[in-house]
Structure formats: structure tokens, C-alpha cells
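# Summary of the model geometry
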Amino acid sequence: MDSSSKKTDDGIRITQGHGGETHQHVPHRGDHQDGESHLTTNHGLRLSDNQNSLRAGSRGPTLLEDFILREKIFHFDHERIPERIVHARGSGAHGYFECTTAIPELTKAAPFSEVGKRTPLFCRMSTVAGSKGSKDTPRDVRGFALKFYTEAGNWDLVGNNIPVFFIQDAIKFPDLIHAVKPEADRGFPQAASAHDTFWDFISLMPESLHMVMWVMSDRALPRSLRMMDGFGIHTFRFINADGEMSFVKFHWKPVLGVQSTLWDEAVKISGADPDFHRRDLWEAITAGDYPEWEFGVQVFDQAFAEAQPYDVLDATKLIPEEEVPVQIIGRIVLDRWPDNFFAETEQVAFLPSNIIPGIDFSNDPLLQGRLFSYLDTQKSRLGTTNFHQIPVNAPQCPMHNFQRDGMMQTHIPTGRANYEPNSLAEAGEEAGPRECPETGFTSFRNTGENNDANQSLRIRAESFADHYSQARLFYRSQTEAEQNHIVAAITFELSKVDLEHVRRRVVSHLLVIDEGLGARVAAGLGIEPPEPATPAKAPVDMPTSDALSILKRDKKTLKGRKVGILFAEGSDKAEIERLKKAIEGEGATAMLIAPQVEGVGVEGGTLKADGQLAGTPSVLLDAVALVLTEAAAKMLCDDGAATDFVKDAYGHLKAIGHNAGAQPLLDKVGVKADEGVTGLGDEFLKAAAQRFFDREPKVHQMP
Ligand code: HDE
């Protein structure tokens, strides 16, 4: 009997075989003709059927012989690789660094050699504590890692969005991370520092207090990855062509300004959109609205270093920008989303040891420890010492050496020169590469910086002993609203700590940082303030620094923000369209929101929404506009999604623009008139570019 085939309605072809049995073939999307691309095995064998495994009879057992099935399942079984121990959750993008001020007098580093020069880079931004699948918006420091593909080799600047770190010495890093990660016996909490072990450790490590102040501030709740500062943290060295050294700290500042969410908002965002930051970055880049940062340096010399009341090698300290201004020398632009998340963002391997001529390490003991850790971790995560051959990690300049073999070797070196020195050239054979004393990397010769260099000491310098002054500097440099948030955050976190002695110990440190801070947190917890801690070194009062406050530097711009326009049955279409245009004219995104996503009958036709009301809570937006008829507003008063929409916008101190018809909804949730509650004209556009912190005491009780 001949085989015959017919197509079913859903596109499945059923073939009648010789024995009367039927075979199903589901067509590949856009079924290929000869000459186009075909499915093959990993070894190039073309597949005839990607739907059925090889069976002994149509209802019989699957055969071990089916190497195609085995290869496919085998590869799938091993799709996951170990996630990063820290910074597991991250998003990345390609971009470039452009030099805007050349600084050859300071450094011979290739990216800074001439104005207009562009160096390609890859950037990955991450949370620290949570797993790979955890939410984007926990209270956490953010990783901000840059890999510059320079012509002199890859330079990795593996920084954070906070300019200081928890610890001074790498030997404490595993303890810190164990303490913040989910507790060992119970496996929770995920992506949270509000638990016993973190605060127990922190309270016994006063060197962490400065960083704790930052992490309890709004810095740890970024509105967007595009709205975060970046810092290299450690002091590095610049070396110029004459071999002269200066110290340098790296900074990069978002063109959109630093912006944060409120805690209650961040918690709600994590439910409404766990991918809030990743989606935001993806949306901006794919829309051509490329995230951008100004890149700058703080440069200083040994004499300055020696004159400071802290040690510039201590990663728990910053250098106030008022003392050493940040000199802007370039910009970073992220203009291309990776083609494949796993191949690039997951497999990218940053190494603080990747430096280039013109840049060198300092003796910061934290940095020194990192020089070991990252190379080591890539081997266990990516499984091979050849991780540098993965395209996202490979240098984009020539690379030659005599390192050979290893798992997953993809280079095919020719000839027999795999050692050096060799004289194979004399026999007419390939001799391989040679060292270059003139342009090759040389470590800076550090003379005289370390006065006990001839001894091996497990000792921390006396100059690292002051743990309170900069925590105080940070707290006292904040606006009142920002101080309120720090008090609320610490009170919240300590309320989640069950160990009462740990709560008291933390407050004893806070009292040294600032008496008012300690007293307020004690009141928030409902405890008597304990005795203040005894510092190893008494803190000093440093002049406050406006650069440390987000709100003092607030750019009040609508650019890069997202404004929601809520409409419903009978709304004025022309008004909605006018408003949308005006918002977009300011460089923001306007999102139309309605009870039904596919369209609502409005005055002047129908209108499709970008988001359905219940799925687009106002926590996903920076400001909201309500364009409603009175009848629709009254109906929405009974819809929890609508009342939460307005109540949260108000509670999160956002601008609410509205027409007269929307008033019943505002009244229902108790919105009171203030500067941020406006009509729908220009006053709304102005209001939408900021938050209204004066409203906060009306909606939140502060300790
Ligand atoms: Fe990291 N850190 N770290 N770290 N770190 C890692 O490397 C480590 C530190 C930072 O997007 C790991 O590839 C030690 C400071 C970022 O892939 C690991 C010490 C700063 C990223 C590691 C530190 C950072 C990492 C985990 C103390 C800010 C993510 C996976 C000496 C300047 C990079 C990996 C990315 C990742 C170790 C301290 C930033 C385990 C031992 C300080 C942004 O190697």
C-alpha cells in the first residue's frame, strides 16, 4: 500500500504508513525549502523529523539507538550552569565608552587617549543577595560591572552603585555573604537582609556601618538600572607614559539623575513585575532611548592620601566630591541588547584582575583578595579555564600565548611552538609570540608607600580603625525625607530580627553614628536606648557633602520616566491623545491604561490600552493622569484595582493629574489637594518630573 498524507486544520500532517499506522509531523515555523536553513544535530546531521522519537512500533518502547533524541535531551539536561554565588540576578547590555577629555598626562590607558575615541564595552547590572530568578527590586546594593574591550586587552571595572563596601579585608567576604544569604537551616529569606544572621554579623563588624547606612537609604531601591550611579570603589592607580603614578577612583553618573522608589512601592513592584528593572532596560534600549552615564575620575596623590583622617586604601571610606571633584572624561552609552541572554549576560565573566597599561591596582586589601576570587569562580561556574574564549569574554584585540589545551578548547594553535624561549624560527618554523618590554604591562613599582613591607603581618593598619565618621557624614548629609527613610528602613529590618540582643547591639552603634538616629530607631522598635557602643577610634565630624544625597541632586526631569493615563468608558479621546503627545514631547513614555485592554468606547471613537488596569498598578509608573467621566469614576470606586491605583500613587508621593470627572475616585481614597495633585495641563508635566516628599508625613507615620 502506498503511503498517503493529509493536513489537519491545525497544520499537523498525518501520514498513513505502509502498515496503516499514522505518523504526525508538526511543521517547523516557516517550513524550509531546500537551500534554506535546516535543523541538524550538533554535529551537522540534517534531521527529517523533530517531532517523534525512534520507537519499536508506533506504540512500542523508544530505542536506545535514537542518538538524535539522546543528544537533544542530553544537551537540555545540562542547560543550567551554577549561578553566581553573589550577583546571580543581573541584566546586561552592549555599548561603548566615548572619551570626551583626553588625559594622557595622567594615564596611558587606551580608552582615555583621545577625544572622540570609542571603546566597545559590555555592562552587567545585578542585585547581590538573591538567586538568579529572584525579583529585581529588593533592598540591596547593585552590582555595576563594565568590561571594556580595549586594543590593549580587556579592562574590567567591576563596581557597585554604592561607593563603599561592607568590609575592609577579603578574608571576611565569605562570612558577610553567608550572613546575608538565606539562613542555612531554613533556606529563607530570599533576597533580603532583614533577618537575624545579617544583622548579627553586621552588629559585630562596625567597619560595615558606613555601607549599612547606604544600604538602608533609598540608594538600595533604584527606580531603574538607568538611574543608578556607578563606582569602582577601590582606589586604583593611573600611570602615565613617563611612569608617573597618581591615585584614582572611578565614578559614573546617570544622565537621567539618580532616582529611587519608596520601600512600600518596591515591595509592591516585586509582585506586579518581578522583572521591573530588566524590562525597563530592555524597553529603553529597544526603543532607541539609550541609557547614558557621564564617566569621571577623582585623581589625587600620595600627599593628599596621607593628609586624610581615613585611609584611601580602606574600601569602607569614600573621598567626598567636595574635597576631590569628579572630573568628567567620557560617557558610557548602552545601545544594544544582547542577542542571547544566556550566551552573553549569563556567561560574561568579569575579572578585577583584567587591567591594561596605564591602570594598576592599589594595596587595598579587599581589591587584592578580589584579584584571586574572580578567576577562581569562573572556572567553577563556566566549567573550564578556557572561559575567555566565550565570545562575550574574548578580547577584541590580538591574543597570543603558549597556554594550551584544557576543557572546551576552541582555538586550534598550529605548529609545535608551545614553549618559550624557542629557536624554531631558525629552522623556518613558527616560533610563536614573544614578550614586549616596551609596550607590555608592567606593575607599578611601589616604593615607600608601605612602611612595614619587610614583615609578614596579619594585622590591620591603625588608619583603618575609624568606623563611624563616614557613616555619620552620610547620615548628616541627607535631606530630612531621606533621613526618615533610613530610620524607617533600619526599624523595619530590625523588627524582622528575632534576636533581641542583636537589635540592641545595632542601636548601640547607631547612637555613636548619630544620637538622634539611634533614639528614633529605638523608639520605632519600642525599646529603651541601650548604652552607646565604644568605638575603637572616636569619630570626627566631617563637613557634610551634598553629593551624597539623592534629593539634593534631583534633576526633576520627566525624561526616561513612565506616565500612566487611566481612561474608561466615555473618556475624552482628544484629551488623552493630547496628553500622550505632551508627555512624549518631554522624553517620557505615556502608557494608556483601561479596564479592558483591547479597547474602550470613548468619546470620539474607541481606544486601545497598552495595559489592563489590574495588571498595571501605579507602582509601575512615575506619575498618573486620570481622564474619566464622572459616571466612570463612580463605577471605578468599587473596583479595588482602580482605588489601589490612585491610593498607591498618592501614598508613593507621585503626581496625580486629573480632570473634573475623576474627582469621585480621588475622594473615595482620601486624596487631599497638594502641589502634586494637579489638572492635566503643563502643571501636570512639571509635577510628574518629581515626587512630593512634603506629603509623606500625611500618609506614613515615621518613628
Ligand atoms: Fe564581588 N564577586 N567580591 N565585589 N562582585 C563576584 O564573581 C568577591 C566585591 C561585584 O555581573 C563573584 O563572577 C570577593 C566588591 C560585582 O558578573 C565572586 C570580594 C565589589 C559582581 C566575587 C568581593 C564587588 C561580583 C561571583 C571581597 C564592588 C558581579 C560571580 C574581596 C567593587 C559581576 C563572579 C557580574 C561578583 C567575589 C567584593 C562587585 C564570587 C571575594 C568590593 C559587580 O568572584
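Residues numbered from 1 in each chain as written. Predicted model: local features only at pLDDT ≥ 70, side-chain atom pairs only at ≥ 80, totals over all residues. Heavy atoms only, no water.

## Focus: the side chain of Thr 316
Examined against the element boundaries, Thr 316 turns out to sit in the loop between α7 (302-307) and β12 (327-336). In this structure the side chain of Thr 316 is engaged in a polar contact, spanning 3.0 Å, whose partner is the side chain of Lys 317. With sequence-adjacent residues up to four places away left out, Thr 316 is seen in contact with Val 164, Phe 165, Phe 166, Ile 167, Gln 168, Glu 207, His 210 and Gln 470. (Helix = DSSP H or I, 4+ residues; strand = E, 2+ residues; numbered from the N terminus. Polar contact = N/O pair within 3.5 Å; in protein donor to acceptor, adjacent residues only side chain to side chain. Contact = heavy atoms within 4.5 Å.)

## Observations concerning the site of the ligand
Among the 21 residues in the neighbourhood of the ligand, the closest are listed as Arg 84, Arg 124, Ser 373, Tyr 374 and Gln 378. Here a nitrogen atom of the ligand sits 3.4 Å away from a polar atom, N or O, in the side chain of His 87. Between Gln 378 and the ligand, the recorded distance is 2.8 Å, taken from a side-chain N or O atom to an oxygen atom. Among the elements that make up the shell around the ligand, the one with the highest residue count is helix α9 (residues 365-382) (six residues). Of the residues contributing to the shell around the ligand, the split by class is 10 nonpolar, eight polar and three charged. (Near = heavy atom within 4 Å. Nonpolar A, V, L, I, M, F, W, Y, C, P; charged D, E, K, R; others polar.)

## Points about unusual backbone geometry
Of note, the bond from Phe 188 into Pro 189 is cis; its omega dihedral lies within 30 degrees of zero at 0°. Considering the arrangement of structural elements, one finds Pro 189 in the loop between α2 (173-180) and α3 (196-204). Geometrically, the link from Glu 420 to Pro 421 is a cis peptide bond, its omega value of 5° lying close to zero. Mapped onto the fold, Pro 421 is located in the loop between α9 and α10 (469-476). In this model, His 87 sits at a positive phi of 60°, which is unusual for a non-glycine residue. Structurally, His 87 can be placed in the loop between α1 (67-77) and β4 (90-99).

## Thoughts on the nonpolar core
Membership of the largest hydrophobic core comes to 67 residues, with the highest contact counts inside it found for Phe 166, Trp 199, Ile 490, Leu 494, Leu 517 and Val 521. Every element with two or more residues in this core is listed here: α2, α3, α4 (209-215), α7, α10, α11 (480-495), α12 (500-513) and α13 (515-525). If you tally residues by element for this core, the top one is α12, at seven residues. Structurally, this core is a two-domain feature, drawing no fewer than three residues from each of domain 1 (90-169 + 220-389) and domain 3 (467-551). Ranked by size, the runner-up nonpolar core spans 36 residues in total, among them Ile 103, Met 228, Phe 250 and Ile 359. (Core = buried A, V, L, I, M, F, W, Y, C linked by side-chain atoms within 4.5 Å. Buried < 20%, exposed > 50% of the residue type's maximum accessible area, 1.4 Å probe, protein only. Domains from an automatic or database assignment.)

## Observations regarding the domain arrangement of the protein
Where the parts come together, the accessible area they lose is often given as the size of the interface. With domains assigned, the protein is organised as domain 1 (90-169 + 220-389), domain 2 (400-406 + 416-436), domain 3 (467-551) and domain 4 (556-699). Relative placement of domain 2 and domain 4: their C-alpha centres are 69 Å apart.

## A short note on the coordination of the iron atom of the ligand
In this structure, the iron atom of the ligand receives exactly one donor atom from the protein: Tyr 374 (OH), at 1.8 Å. Among the structural elements, Tyr 374 can be located in helix α9. (Donors = N, O, S within 2.8 Å, 3.2 Å for Na, K, Ca; no water.)

## A closer look at the sheet that holds strand β20 (residues 656-658)
The sheet built from six strands is open, its strands ordered β18-β15-β14-β19-β20-β21 with parallel pairing. On the outer flanks of this sheet lie β18 (611-612) and β21 (677-678), each paired with one strand and no other. Bridging between strand β19 (residues 623-627) and β20 involves three bridges; their strand directions are parallel. Across the sheet, the residue bridging to Ala 625 is Gly 657, located in β20. (Pairing = 2+ DSSP bridges.)

## Topic: helix α16 (residues 640-651)
Between the first and last C-alpha of α16 there are 15 Å, a value that for 12 residues agrees with the 16 Å anticipated at 1.5 Å per step. Of all the positions in α16, only Ala 642, Thr 643, Phe 645, Val 646, Asp 648, Ala 649, Tyr 650 and Gly 651 are classed as buried. The N-cap residue of α16 is Asp 639: its side-chain oxygen and the backbone nitrogen of Ala 641 are 3.0 Å apart. In the stretch just after α16, Leu 653 is the one whose phi turns positive, near 65°. (Expected span 1.5 Å × (residues − 1).)

## Focus on empty space enclosed by the protein
Per the stated rule, a full pass over the model turns up six cavities of 30 Å³ or more. Taken together, 15 residues make up the lining of the largest cavity; nearest its centre are Gln 259, Ser 260, Leu 551, Arg 691 and Phe 693. Taken together, the residues that form the lining of the largest cavity break down as five nonpolar, three polar and seven charged. For the second largest cavity, the calculated volume is near 160 Å³. Surrounding the second largest cavity, 20 residues form its lining, Pro 163, Phe 231, His 251, Leu 318 and Glu 321 being those nearest its centre. Here the lining of the second largest cavity gets four residues from one element, more than from any other, and that element is strand β10 (residues 245-254). (1 Å grid on protein atoms, 1.4 Å probe; cavity = no way out; pocket = protein on both sides within 12 Å on 5 of 7 lines; lining within 4 Å. Points joined across faces, edges and corners; volume = space filled by probe spheres on them.)

## What about the pairing of strand β11 (residues 292-300)?
In terms of strand pairing, β10 meets β11 through eight bridges, oriented antiparallel. Counterpart to Phe 247 in the pairing with β11 is Phe 300. In terms of strand pairing, β11 meets β12 through six bridges, oriented antiparallel. Of the residues in β12, the one forming a bridge with Glu 294 is Arg 331.

## Some remarks on the side chain of His 467
Looking at the secondary structure, you find His 467 in the loop between α9 and α10. What makes His 467 buried here is its relative accessible area of 15%.

## Quick look at the pattern of salt bridges
All chains considered together, the criterion is met by 40 salt bridges. Linking Glu 207 and Arg 460 is a salt bridge whose minimum nitrogen-to-oxygen distance equals 2.6 Å. In this pair, Glu 207 sits in the loop between α3 and α4 while Arg 460 sits in the loop between α9 and α10, placing the two residues 253 residues apart along the sequence. Residue Glu 207 is classed as buried on the basis of its relative accessible area, which comes to 7%. Note that Asp 289 is salt-bridged to Lys 559, the shortest N-O span being 4.0 Å. One end of the pair, Asp 289, is in the loop between α6 (276-286) and β11; the other, Lys 559, is in the loop between α13 and β14 (562-567), and 270 residues separate them in sequence. The class of Lys 559 is partly exposed, set by a relative accessible area of 40%. Salt bridges linked by common partners bring Glu 98, Arg 118, Glu 292 and Arg 331 together as one network. (Salt bridge = Lys/Arg side-chain N within 4 Å of Asp/Glu carboxyl O.)

## Considerations on the packing of aromatic side chains
Aromatic ring pairs are described here by two measures, namely the spacing of the ring centres and the angle between the planes. This model, assessed by the stated rule, comprises 23 aromatic pairs. Here the aromatic rings of Phe 97 and Phe 112 are separated by 5.5 Å at their centres, their planes lie at 85°, and the arrangement is edge-to-face. Here Phe 112 lies in the loop between β4 and β5 (118-127) and Phe 97 lies in strand β4, a separation of 15 residues in the sequence. The buried category is assigned to Phe 97, whose relative accessible area is 0%. Note on Phe 300 and Phe 304: the rings are 5.4 Å apart at their centroids and 55° apart in plane angle, and the pair reads as tilted. Judged on exposure class, the residue Phe 300 and its partner Phe 304 are both buried. Taken together through their ring pairs, the aromatic side chains of Phe 97, Phe 112, Phe 144, Phe 148, Trp 155, Phe 236, Phe 238, Phe 250, Trp 252, Trp 293 and Phe 295 make up a single cluster. In this arrangement the basic side chain of Arg 118 is found over the ring face of Tyr 96, its NZ or CZ atom lying 3.9 Å from the centre. (Phe/Tyr/Trp six-rings, centres within 6.5 Å; stacked < 30°, edge-to-face > 60°. Lys NZ or Arg CZ within 6 Å of the ring centre and 35° of its normal.)

## Looking at the packing of α3 against α12
Running from amino to carboxyl end, α3 crosses α12 at an angle of 40°, the nearest separation of the two axes being 9 Å. Accordingly, the angle class assigned to the pair α3 and α12 is oblique. The handedness of the crossing between α3 and α12 is left-handed. Packed against α3, whose contacting residues are Trp 199, Asp 200, Ser 203 and Leu 204, the element α12 presents Val 502, Arg 505, Val 506 and His 509 at the interface. Tallied by class, the residues present in the contact of α3 with α12 amount to four nonpolar, two polar and two charged. (Axes fitted to C-alpha atoms, helices over the stretch in contact; angles between N-to-C directions. Parallel < 35°, antiparallel > 145°, perpendicular 65-115°, else oblique. Left-handed = near helix turned anticlockwise from the far one by under 90°.)

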